[in-house]
Amino acid sequence: MSERKVLNKYYSSNFNPSKIPCVKRKENNSFEVRLMVPFHIRCETCGEYIYRATKLNARKEDAIGETYLNDIQIYRFYIRCTKCLREITFKTDPKNNDYELEHGATRLFQPTRSTPDEKEDLDRMMLLEKRTRDSRREMADIQELEDIIEFKNRRANIDLEQILNEKHNRQKQFEQEEDEAESRQAFNKSVSSPDQDDIQSEEVLMHIKKRKTTISFDQSNNTKQKARKEISSMIIRKKPASITKNIH
């Protein structure tokens, strides 16, 4: 079994490769190949779906007069529908790194390819968007930097003693204004109704005098009662001695 699978062949000593006749290949010669379908397609005749990576026998040939960059040859492939045997052709597309379906079927998924003009427009729009984003970011950074500098300047210029003095002065001024307002209000009352104030003051004085007289009268009564109690107690204490003398 191993002998028939050897890679090296035996060449005799008198072998001359120049004697082998040259076979000229035809210009548009086609030959059979085995390939896999590069994309999902649908047959235009019977509507059969042929999915990607389906293995089929195909016929390959050169696309005459079609090259890419004058160096890369473009090839055409012929396959048949698995149901109705309709011939379907597609060829290579080295420019887009893909295959191009020619006829016999429709491609189910067609990638979007932008033309050079569209690419230039897209590049310009992307460049403009990038510039606007950069400018907005730069403006935001500048604004943030200015805010930080202003905040630092505020903190640097803050003097606690000055703030406390200003607060004390404001409080003192507020108290003075309140005192002035109360004095004005009292002065306005005295000017508007002097008779009532005089009557009220006289009534207050009379009430005070009456209170003083009652207090003095009560005090005198209390002293008199204390004196009477002391006298009576002295009399009561002296009576037993006189009684004992009379008995003797």
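Everything numeric in this text was worked out from a predicted model, so none of it was measured.

J.: I'd like a rundown of the overall build of the chain, residues and numbers included.
T.: Counting its regular elements, the chain contains three helices and eight strands. Mapped in sequence order, the helices and strands of the chain form the string β-β-β-β-β-β-β-β-α-α-α. For the chain, with 248 residues in total, the buried portion stands at 12%. Once local pairs closer than 6 in sequence are excluded, the contacts in the chain between residues at least 24 apart make up 38%. When the accessible surface of the chain is split by element, carbon and sulfur atoms take 53% of a total near 22600 Å².

J.: Give a description of the UniProt feature "binding site: Zn(2+)" (unreviewed entry) in the chain that names residues and reports values.
T.: In the UniProt entry, the feature "binding site: Zn(2+)" (unreviewed entry) is given for Cys43, Cys46, Cys81 and Cys84. Taking the farthest pair of C-alpha atoms as the criterion, the annotated set spanning 42 residues converges on one region, since that pair is 8.9 Å apart. Among the structural elements, cysteine 46 can be located in the loop between strand E2 (41-43) and strand E3 (49-50). Classification of cysteine 46 by relative accessible area gives partly exposed; the value is 29%. If sequence neighbours within four positions are ignored, cysteine 46 has contacts with Cys81, Lys83 and Cys84. Relative to the helices and strands, cysteine 81 resides in the loop between strand E5 (72-80) and strand E6 (87-93).

J.: Explain the sheet that holds E5 to me, using residue names and the numbers behind them.
T.: Within the open sheet, the five strands sit side by side as E1-E4-E5-E6-E7. Their pairing is antiparallel. Since the sheet does not close on itself, it has two edges, and those belong to strand E1 (31-36) and strand E7 (98-103), each with one partner. On average, adjacent strands in this sheet sit at an angle of 40° to one another, irrespective of strand direction. Of the strand pairs in this sheet, strand E4 (residues 55-68) and E5 are connected by six bridges, and their pairing is antiparallel. What sits directly across from aspartate 62, in E5, is tyrosine 75.

J.: Tell me about the sheet that holds E3, residues and numbers included.
T.: With antiparallel pairing, three strands are arranged side by side in an open sheet as E3-E2-E8. Each end of this open sheet is capped by a strand with a single partner; those strands are E3 and strand E8 (105-107). One ladder, built from two bridges, connects E2 with E3; its direction is antiparallel. Bridge pairing links arginine 42 to tyrosine 49 in E3.

J.: Account for unusual backbone geometry, with residues named and values stated.
T.: Residue alanine 53 is not a glycine yet carries a positive backbone phi of 70°. Despite not being glycine, leucine 85 shows a phi value in the positive range, around 60°. Judged by relative accessible area, leucine 85 falls into the exposed class, the value being 55%.

J.: Lay out the nonpolar core in plain terms, naming residues and giving numbers.
T.: As a rule of thumb, nonpolar side chains are buried together in soluble globular proteins. Counting residues in each nonpolar core, the largest one holds 13 residues, and the members touching the most others are Ile41, Ile79, Ile88, Phe90 and Leu101. Breaking this core down by element, the ones donating at least two residues are E4, E5 and E6. When residues no more than four places from it in sequence are discounted, the contact partners of isoleucine 41 are Glu48, Tyr49, Ile50, Ile79, Ile88, Leu101, Ala105, Thr106, Arg107 and Leu108.

J.: Provide a residue-level description of the packing of aromatic side chains, including the pertinent values.
T.: If you walk through the whole model with that rule in mind, you get five aromatic pairs. Here arginine 59 stacks its cationic end above the ring of tyrosine 78, 4.1 Å away from the centre of that ring. Sitting above the plane of the tyrosine 75 ring, lysine 60 keeps its charged end 4.2 Å from the centroid.

J.: So what's going on with the side chain of threonine 89? Residues and values would help.
T.: Along the chain, threonine 89 falls in strand E6. Only 2.9 Å separates the side chain of threonine 89 from the side chain of histidine 103, close enough to count as a polar contact.

J.: Help me get a handle on the pattern of salt bridges, residues and values and all.
T.: One pass over the full model with this rule turns up eight salt bridges. Glutamate 102 serves as the salt-bridge partner of lysine 91, at 3.7 Å between the closest nitrogen and oxygen. You can see lysine 91 sitting in strand E6 and its partner glutamate 102 sitting in strand E7, a full 11 residues away along the chain. With relative accessibility at 30%, the residue glutamate 102 sits in the partly exposed group.

J.: Run through a negative patch on the surface, naming residues and quoting values.
T.: Taken together, the side chains of Glu175, Glu177, Glu178, Asp179, Glu180 and Glu182 define an acidic patch exposed on the protein surface. Here glutamate 175 lies in helix H2 (residues 160-192).

Reading the values: the criteria
- Residues numbered from 1 in each chain as written.
- Predicted model: local features only at pLDDT ≥ 70, side-chain atom pairs only at ≥ 80, totals over all residues.
- Heavy atoms only, no water.
- Helix = DSSP H or I, 4+ residues; strand = E, 2+ residues; numbered from the N terminus.
- Buried < 20%, exposed > 50% of the residue type's maximum accessible area, 1.4 Å probe, protein only.
- Contact = heavy atoms within 4.5 Å.
- Areas by Shrake-Rupley, 256 points an atom, 1.4 Å probe, with all protein chains shown as cover.
- UniProt positions renumbered as here; feature names shortened; annotations may be inferred.
- Pairing = 2+ DSSP bridges.
- Axes fitted to C-alpha atoms, helices over the stretch in contact; angles between N-to-C directions.
- Core = buried A, V, L, I, M, F, W, Y, C linked by side-chain atoms within 4.5 Å.
- Phe/Tyr/Trp six-rings, centres within 6.5 Å; stacked < 30°, edge-to-face > 60°.
- Lys NZ or Arg CZ within 6 Å of the ring centre and 35° of its normal.
- Polar contact = N/O pair within 3.5 Å; in protein donor to acceptor, adjacent residues only side chain to side chain.
- Salt bridge = Lys/Arg side-chain N within 4 Å of Asp/Glu carboxyl O.
- Patch = residues over 30% accessible without salt bridge, like charges linked within 9 Å, V, L, I, M, F, W, Y side chains within 5 Å.
- Lys, Arg positive; Asp, Glu negative; His and termini not counted.
- Charge placed at Lys NZ, Arg CZ, Asp CG, Glu CD.

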